[in-house]
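Now for the letters of each chain:
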Amino acid sequence: MVDARRPSPEALLNIARREGRGRLKIFLGAAPGVGKTYAMLDAAARLAASGVRVVVGLVETHGRTETEMMLRDLHVLPRRPFFHNGRILHELDVDGVIAYAPDLAVIDELAHSNLSGSRHEKRWQDVEDVLDAGIDVYTTLNVQHVETLNDMVARITGVRVRETVPDKVLSEADEIALIDLPPDELIARLRAGKVYIEDQAARAVANFFAKGNLTALRELALRTAADRIDRQLQDHMANHAIDGPWPAQERILVILPEDMAGRDAVRAGKRSADRARAEWLAIGVSSLEGPHRHGAGANALRLAEQLGARVSLLEVDRDPAAEVIALARRENVRRILLPRPPAKRPFWHRFQPTMHERLYQGLLNEADAFELTLMSEGDETVQHASGVKPPGGPLSVFRPGIVLATVVTTTGLAAGLQPFFPTGSLSLLFMTATVAIAARMGRKPAILAAGLSFLCFNFFFTDPLYTLRIFDRTQLLTLVLLLVSSILTGNLAARLRERVIAQKAAAERTAKLYDFSRQATTAASFDQVIQVAVHHVSAVIGGEAMVLVPPENGRAGPLDIAGAEPMQTTLAARELTAARFAFDHSEAAGRGSATLPATDWLFLPLRASGKSIGVLGIRNEVGETIATEERKLADALADQVALALERIRLSDDLAQSRVTSETERLRTALLSSVSHDLRTPLVSILGAAESLENQILTDNLRAILITTIRDEGERLDRYIQNLLDMTRLGHGALKPRTSPTDLRELVGAARQRLRGPLRDHPLKIDIPNEFPPVDVDPILVEQVFVNILDNAAKYSGVGAPIEVAAQVTDGMIEIAIQDEGAGFPAGEENRVFDMFWRATQGDGKPAGAGLGLAICRGIVEAHGGTISASAVPQNGACIAFRLPIARTGTPE
């Protein structure tokens, strides 16, 4: 047993973790203007006057004269400048504070959000770094910036604060100084212009700083400070092994034994906590002696959680009262509520008190330091309320027979060994049998085995034989030691067995949850998650399981069955009603719950993102109430199912968002391309046509204008052809009509079509005359050559050559087109085939829509080939693609 006079290991680890870390003091206020910054600077100035090295990292004076005067006697570090939205702004220089290494750093406004480019997103993260450097920190915080109070403040004031601080920062603070100011005085400061300027002050008094709002915020601040002080008191008691409770703050503990319904005790605890405005805890107490059969105690625990209690589970051994008292001392509880055990029990059961009765009696005898309140439960014990008796108690019909048979067998074995061993040594056989029974069957069968062993050894092996009388004192001592040792060793073996069973059950629960979590993680669709869920839950509870979800059209009415194990598609009306209730109210309904318990199914809500997304239904094979342990596991599985379904929903939403974003990007790119690349050749054509109307033009100028019209018209034709080809590729309508084709003819046809763009670029063709033909659609592959050569001409300088080469590689013909242009940006080689991607961005980009190479990839892949891009080491780019060789020998 742990020495209660020693600090707990958790307390020692917490002390060790804080070694070398600076101390944090938070000046907490209910609203702006109460004087937090002034009080902080005043405390810092007193420390500086006493010789402490104090530095002001950042303080916001907001133009208040008295605050600015407080900074005159303190060393203020320069702030770090940031360029933001065309202005130079300043933030806390964290590195400067750490480098200065003061004893104390003053950093105002803990909840502040830093500018982009700062060391951290939030100032409280900067403060964490300063504390980790071993520097103490003074800082300020308003209660509306505490994360868990944000919603409450929004309801009170109608204003939601965006900048928040996690509660852990407040809970880990070494000291909290509450800076309080009555509402009337704060409003007077506002109207005097000491908080905001005149116009802002008038609006603030009418809205956020209304007197009722300030009163509520003031109470929140007081309670927040009181809660933190209470936690500090608990830490102090744990660190110094002080035996509580200390009556510093009201805290109520409701004890819920597993064999009692306990709902009246829960409601009484809630009423008491509300009247005292105190925190309350609900502890479900279960015994390690065997399985937990009933679920009403778990229902009471869930009710307590719904009513706002902090709930937990406690498994107890032979002395439940001692363990409950130890927990109450750790939590610094003052008042304990316990359901009174039933008074009317059969006489013979009083020799076998239940865990609840042992707990009740132990608290009456030992809980002197606590206020103990006993509650009379109108719904009696779980067994009486449900009408179901627990199966197979510790001494059921078969167990005494097994114990008797074991003792008789041991007696026969001892009789056979009696000629070879001393009589006293034979007692070890009976002791061994008792230990074996304890390990297999538990404590009570072991006690029965010890008593029978005592009687058999006395009757068959001690003088006078075959009587229960004892003449020899030595034999009397042997018999007494046999009885005592058997009971003690049997008790120890039984306790070990109970611990092993409890650990095994916990390990099985963890394994089942892990197994389901692993399978649910690999599920890629909503239906797969549903099937994994119902199959796994059905196997765990040994019965039926189903998941119901709301109709896709969102209509009211019965839920739809999304999946079931075993398969079924219908439910009775009352089951559907219970399922709908569980979905609408986010609480369990059906068998074993407080709502519609007459149904055969228990329905558990699947909650994610603060709302119900479905219902998990379970029913065991025997149609009884789900056992407590199975119910706990079912609740955990329901949470896992909800998370898995939410993951699938978020994944689908993300995929849809990506599709929508990509569609919008392509639409924008297409509109931009059409507005620029379609208009440009049209303007050239129209301009040239208008110039041709001039009668005084020379023949040379007319020829130039006609060439311009033809070139721009061909360019426009290529652009429209690319758009048509991309449309066909997108709809899967591009069907190549292949035939044996000579590569040189394809290159020649492309060269003829590009005589304008290739006019200033020598074209070198390295294709042998006897080169094998390719099996392609000549019209489509000609377009591939046109697009690649056109792309090479656009990005190459005037006079730069372009080379076309071909060779046979791995049964395919590989064509490489290389230029001496700017090449591809490093790492962007794979992106050149994306739609609308352009290597050169900005106003100086070459004309084109960024569709040519994307169309080339689609055409080449439609022929069963591949295409790639690479940069030439010296300068330039190379596009290589492979096409199939024609099987026939004669080209078209």
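Rules of the game
- Residues numbered from 1 in each chain as written.
- Predicted model: local features only at pLDDT ≥ 70, side-chain atom pairs only at ≥ 80, totals over all residues.
- Heavy atoms only, no water.
- Helix = DSSP H or I, 4+ residues; strand = E, 2+ residues; numbered from the N terminus.
- Buried < 20%, exposed > 50% of the residue type's maximum accessible area, 1.4 Å probe, protein only.
- Contact = heavy atoms within 4.5 Å.
- Areas by Shrake-Rupley, 256 points an atom, 1.4 Å probe, with all protein chains shown as cover.
- Polar contact = N/O pair within 3.5 Å; in protein donor to acceptor, adjacent residues only side chain to side chain.
- Expected span 1.5 Å × (residues − 1).
- Arc of directions from axis to C-beta.
- Axes fitted to C-alpha atoms, helices over the stretch in contact; angles between N-to-C directions.
- Parallel < 35°, antiparallel > 145°, perpendicular 65-115°, else oblique.
- Left-handed = near helix turned anticlockwise from the far one by under 90°.
- Nonpolar A, V, L, I, M, F, W, Y, C, P; charged D, E, K, R; others polar.
- Phe/Tyr/Trp six-rings, centres within 6.5 Å; stacked < 30°, edge-to-face > 60°.
- Pairing = 2+ DSSP bridges.
- pLDDT = per-residue confidence, 0-100.
- Core = buried A, V, L, I, M, F, W, Y, C linked by side-chain atoms within 4.5 Å.
- Salt bridge = Lys/Arg side-chain N within 4 Å of Asp/Glu carboxyl O.

Asker: So what exactly am I meant to see when it comes to the overall build of the protein here?
Answerer: Helix and strand counts for the protein come out as 26 helices and 25 strands. Per-residue burial for the protein yields a buried fraction of 44% across its 892 residues. Partitioning the contacts of the protein with sequence separation of at least 6, the portion at a separation of at least 24 is 69%. Of the roughly 46,000 Å² that the protein leaves accessible, carbon and sulfur atoms contribute 55%.

Asker: Mind showing me how you'd approach the side chain of H112 here?
Answerer: Positionally, H112 belongs in the loop between β6 (104–107) and α5 (123–132). Dropping the residues within four chain positions of it, H112 is found in contact with E91, K122, R123 and E163.

Asker: For this particular structure, what's the right way to read the environment of G821?
Answerer: Among the secondary structure elements, G821 is positioned in the loop between β23 (812–818) and α26 (852–862). Note on G821: relative accessible area 5%, which makes it buried. C-alpha separation for the pair G821 and I802, spaced 19 residues apart in sequence, amounts to 9.4 Å. Setting aside its immediate chain neighbours within four residues, G821 contacts Y795, S796, N875 and G876.

Asker: So what exactly am I meant to see when it comes to the side chain of E91 here?
Answerer: With respect to the helices and strands, the residue E91 is situated in strand β5 (residues 87–91). Reaching out from E91, the side chain makes a polar contact with the side chain of R123 at a distance of 3.2 Å. Apart from the residues within four sequence positions on either side, E91 is in contact with L58, R79, R80, F82, H112, S113, N114, L115, S118 and R123.

Asker: I'm lost on helix α14 (residues 355–366) in this one. Help?
Answerer: Since one α-helical turn is 3.6 residues long, residues separated by three or four positions face the same way. Taking 1.5 Å per residue, twelve residues should reach 16 Å; α14 reaches 16 Å between its end C-alpha atoms and fits that length. Residues M355, H356, E357, R358, L359, Y360, G362 and L363 constitute the buried set of α14. Those residues of α14 that are buried are in contact with β9 (251–257), β10 (279–287), β11 (310–316), α13 (320–330), β12 (335–339) and β13 (371–375).

Asker: Whenever I open this one, unusual backbone geometry confuses me. Can you help?
Answerer: The bulk of non-glycine residues show a negative phi, and the bulk of peptide bonds are trans. With an omega of 0°, the peptide bond running from E565 to P566 counts as cis. Note that P566 resides in the loop between β15 (560–565) and α21 (573–585). Phi angles above zero are rare outside glycine, and E109 is one such case at about 55°. The class of E109 is partly exposed, set by a relative accessible area of 26%. If you check the backbone angles, D810 has positive phi at about 50° while not being a glycine. For D810, a relative accessible area of 67% corresponds to the exposed category.

Asker: Would you explain helix α2 (residues 36–49) in this entry?
Answerer: With 14 residues, α2 extends 20 Å from end C-alpha to end C-alpha; this agrees with the ideal 20 Å at 1.5 Å per step. For α2, the full list of buried residues reads K36, T37, M40, L41, A43 and A44. Looking straight down α2, one finds its buried side chains confined to an arc of 160°; they lie on one side. Among the exposed residues of α2, those oriented more than 90 degrees off its buried face are R46 and A49. Against β1 (24–29), β2 (54–58), α3 (65–70), β6, β7 (136–142) and β8 (175–179) lie the buried residues of α2. Following α2 by one or two positions, G51 has its phi on the positive side, about 105°.

Asker: Is there a simple way to think about the packing of α13 against α14 in this case?
Answerer: What describes two packed helices is the angle between their axes and the distance between those same axes. Following both chains from N to C, one finds α13 and α14 inclined at 60°, their axes separated by 7 Å at the closest point. It follows that α13 is oblique to α14 by the angle criterion. Two packed elements cross with a definite hand, and for α13 against α14 that hand is right-handed. For the pair α13 and α14, the contacting residues are P320, A321, A322, V324 and I325 in the first and M355, R358, L359, G362, L363 and E366 in the second. Per-class residue counts for the contact of α13 with α14 are eight nonpolar, one polar and two charged.

Asker: Looking at this structure, how should I read the packing of aromatic side chains?
Answerer: Each pair of aromatic rings is reported with the distance of its centres and the angle of its planes. Tallying each qualifying case throughout the model produces five aromatic pairs. Measuring from ring centre to ring centre gives 6.2 Å for F430 and F461, while their planes differ by 65°; the resulting arrangement is edge-to-face. One end of the pair, F430, is in helix α17 (residues 427–441); the other, F461, is in helix α18 (residues 443–461), and 31 residues separate them in sequence. Of the residues examined, F461 reaches a relative accessible area of 4% and is grouped as buried.

Asker: Which parts of the structure should I look at to understand the sheet that holds β2?
Answerer: Two modes of strand pairing occur in sheets, parallel and antiparallel, and in both the strands are linked by backbone hydrogen bonds. One open sheet holds the six strands; their spatial order is β3-β2-β6-β7-β1-β8, and the pairing between them is parallel. A strand with exactly one partner marks an edge of an open sheet, and here the two such strands are β3 (75–76) and β8. Here α2 sits on the sheet and contacts β1, β2, β6, β7 and β8; the angle it forms with β7, its principal contact strand, is near 165°. Packed onto the sheet, α5 meets β1, β2, β6 and β7 and runs at close to 175° relative to β6.

Asker: For this particular structure, what's the right way to read the environment of L313?
Answerer: Here L313 is to be found in strand β11. For the pair L313 and L301, spaced twelve residues apart in sequence, the C-alpha to C-alpha distance is 9.1 Å.

Asker: I would appreciate a short explanation of the confidence of the model for the protein in the present structure.
Answerer: Looking at the protein, the pLDDT average stands at 77 and 78% of residues meet or exceed 70. Highest mean pLDDT in the protein belongs to β6 (94); lowest belongs to helix α15 (residues 382–386) (38). Every residue in residues 379–395 scores below 50 in pLDDT, and together they form 31 contacts with partners more than four places removed in sequence or on other chains. Every residue in residues 841–845 is under pLDDT 50, and counting partners more than four places away or in other chains gives two contacts.

Asker: Can you help me understand the pairing of β1 in this one?
Answerer: Here is the key point about a regular strand: its side chains alternate between the two faces of the sheet. The buried fraction of β1 is high, at six of six residues. The alternating pattern of β1 places L24, I26 and L28 and K25, F27 and G29 on opposite faces, both of which are buried. Pairing between β1 and β7: six bridges, direction parallel. Paired with L28 across the strands is L141, a residue of β7. Where β1 meets β8, five bridges bridge the pair, whose relative direction is parallel. Opposite K25, over in β8, you have E175 as the bridge partner.

Asker: Looking at this structure, how should I read the nonpolar core?
Answerer: What tends to happen in soluble globular proteins is that the nonpolar side chains get buried as a cluster. Formed by 41 residues in total, the largest nonpolar core has its most connected members in L743, F785, V804, I815, I817 and F881. The set of elements that each furnish at least two residues to this core consists of α24 (743–753), β21 (774–776), α25 (778–795), β22 (802–809), β23, α26, β24 (867–871) and β25 (877–884). With nine residues, α25 is the largest single contributor of residues to this core. Within the second largest apolar cluster, 34 residues are counted, among which are I107, V130, L131 and L217.

Asker: Whenever I open this one, the sheet that holds strand β14 (residues 543–549) confuses me. Can you help?
Answerer: If you trace the five strands from one edge of the open sheet to the other, you get β15-β14-β18-β17-β16, paired in antiparallel fashion. Of all the strands in the sheet, just β15 and β16 (589–590) have a single pairing partner and so form its edges. Looking at chain direction, strand β17 (residues 602–608) and strand β18 (residues 611–620) are connected through seven bridges and run antiparallel. By the bridge assignment for β18, P605 is matched with V615. Across the sheet, helix α20 (residues 526–541) is in contact with β14, β15 and β18; its angle to β14 comes to roughly 150°. Across the sheet, α21 is in contact with β14, β16, β17 and β18; its angle to β18 comes to roughly 140°.

Asker: It is not clear to me how the pattern of salt bridges should be interpreted in this structure. Could you clarify?
Answerer: Pairing is possible between side chains of opposite charge, provided their charged atoms come close. Enumeration over the complete set of coordinates arrives at 23 salt bridges. We note a salt bridge from E544 to R619, for which the minimum N-O separation is 2.8 Å. Placement of E544 in strand β14 and of R619 in strand β18 is noted, with a sequence separation of 75 residues between them. Each of E544, R574, E575, D600 and R619 takes part in a single network of salt bridges with overlapping partners.

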